Each structure stands twice: as structure tokens, then as C-alpha cells.
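Chain residues, written in single-letter form:
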Amino acid sequence: LGDEGWATSHDLVTEVVASGLDVVERAGLHASLGRALRAEDDPLLLAHHLREAGDARGAADAFALAAQRAHDGYADEEAVHLPPPARGLSPTAQVSATLHEIRGQARRRLGDLPGAREDLHAALTVHTSGPPRGRILAQLAMLASGADDIVRAAQLAEHAVVEAGDDEPIRARALEVASILD
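Residues numbered from 1 in each chain as written. Predicted model: local features only at pLDDT ≥ 70, side-chain atom pairs only at ≥ 80, totals over all residues. Heavy atoms only, no water.

J.: Is there a simple way to think about the layout of surface pockets in this case?
T.: Rolling a probe over the atoms, with the probe sized like a water molecule, indicates the empty space that remains. Put simply, the second largest pocket is a space of about 190 Å³. Lining the second largest pocket are His71, Gln105, Arg108, Arg135, Ala138, Gln139, Met142, Ile170 and Arg173. Of all the elements in the fold, those that place two or more residues in the lining of the second largest pocket are α6 (93–110), α8 (131–147) and α10 (168–181). No other element matches the four residues that α8 contributes to the lining of the second largest pocket. Considering only residue class, the lining of the second largest pocket consists of three nonpolar, three polar and three charged. (1 Å grid on protein atoms, 1.4 Å probe; cavity = no way out; pocket = protein on both sides within 12 Å on 5 of 7 lines; lining within 4 Å. Points joined across faces, edges and corners; volume = space filled by probe spheres on them. Helix = DSSP H or I, 4+ residues; strand = E, 2+ residues; numbered from the N terminus. Nonpolar A, V, L, I, M, F, W, Y, C, P; charged D, E, K, R; others polar.)

Below, the structure written as C-alpha cells:
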């Protein structure tokens with residue numbers, strides 16, 4: 001007996017009980033746990049239960065939130081290894097782009113520049129114009145500045161400024177990148 005009620009204390013007990021459930025019962029229990037966990041602050045656990053309940057889109061959204069939190073907390077290995085959009089989830093294009101962008105940023109911090117570039121380009125395909133595209137172009141410009149071609153990096157930064165439009169934070173970041181490259 002714990003603070004939250006009764007729970008099994010041994011993995012073998014959990015496995016035996018779980019093996020006795022049929023697929024429908026198991027999915028129903030995962031769905032119930034998912035509903036209960038929406039009020040908690042554990043998006044990774046929520047994502048697991050939503051995926052097991054068959055809510056692939058909800059799971060993708062929760063994985064994106066978990067990846068963002070991991071990245072914000074500098075847990076870059078965790079952010080990189082959270083399930084990418086292609087693993088049987090049904091993320092919207094926006095969530096897929098978010099997952100790629102977060103993973104690209106985490107890979108950059110881990111020193112995997114080719115992987116970062118690949119993920120950022122995947123995120124860029126979703127955003128055809130506007131501030132989100134400007135944000136990603138600024139990130140690509142910084143990647144290109146150290147590893148590729150300073151002229152190409154400057155062009156990306158200029159394009160990022162244009163795409164940022166009136167979005168002040170993204171425009172400020174794009175201008176910062178352009179000034180560093182200058």
C-alpha cells in the first residue's frame with residue numbers, strides 16, 4: 001500500500017496480471033490511466049499509456065511535450081531518443097516538425113552536426129513560410145557557419161530575417177545570428 005493506493009511490488013506479479021488481460025481490456029486500462037495522467041506532470045508516462053490505448057495522435061503530442069521538456073532541461077540524449085514521428089505514431093505535420101526541430105537542436109548540442117542538419121531540414125519541409133521557418137533557418141545558418149560555408153550561412157541568416165517578419169523574438173534571433181556571421 002502506497003500514497004496512491006495499492007500497487008504491485010514485483011515485476012513478475014505485474015507481468016502475470018497483464019498477461020491475463022485481453023487486448024480490449026488492456027487498451028481500456030491504458031486509456032483510463034491516460035485520462036488520469038492528464039492532470040499529472042509526466043508527459044512521457046502519459047505518451048506511453050496513450051500509445052498503448054491506441055491514441056497515436058495524443059501519444060505523439062505527449063511525446064513532443066516530453067521531448068521539449070527534456071531539451072529544455074539539457075537532457076539531450078533523452079530528447080534525441082524519444083520516439084521520432086515515424087515510429088507508428090500519427091502526429092500532425094506541426095507536431096512532427098516540432099519533434100524534428102527539438103531532436104535537431106539536441107543533436108547539435110551533442111555534436112552530431114549531420115544529424116542535426118537532417119532533422120532541421122525535415123522540420124523545414126513542414127514550414128513553407130513565416131516565423132517558424134525563420135527560426136529553423138537561423139539554426140541552420142549557425143550550423144553552416146562553423147562546418148560548411150560562411151557565405152551559405154550568411155544567406156540562410158538573411159533568409160531567416162525575412163521569414164521572421166514581424167515576430168520580434170524570432171527576428172531578434174535571426175538578426176543575432178546574422179551579426180555573428182558578419
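J.: I would appreciate a short explanation of the pattern of salt bridges in the present structure.
T.: Proximity of charged atoms lets side chains of opposite charge pair with each other. All chains considered together, the criterion is met by seven salt bridges. Two residues, Asp76 and Arg109, come together in a salt bridge whose shortest N-O distance is 2.7 Å. You can see Asp76 sitting in helix α5 (residues 76–81) and its partner Arg109 sitting in helix α6, a full 33 residues away along the chain. According to the relative accessible area criterion, Arg109 is partly exposed, its value standing at 29%. Between Arg103 and Asp119 there is a salt bridge whose closest N-O contact spans 3.0 Å. With Arg103 in helix α6 and Asp119 in helix α7 (residues 113–124), the pair connects residues that are 16 residues apart, well separated along the chain. Asp119 carries the same exposure label as Arg103, and that label is buried. (Salt bridge = Lys/Arg side-chain N within 4 Å of Asp/Glu carboxyl O. Buried < 20%, exposed > 50% of the residue type's maximum accessible area, 1.4 Å probe, protein only.)

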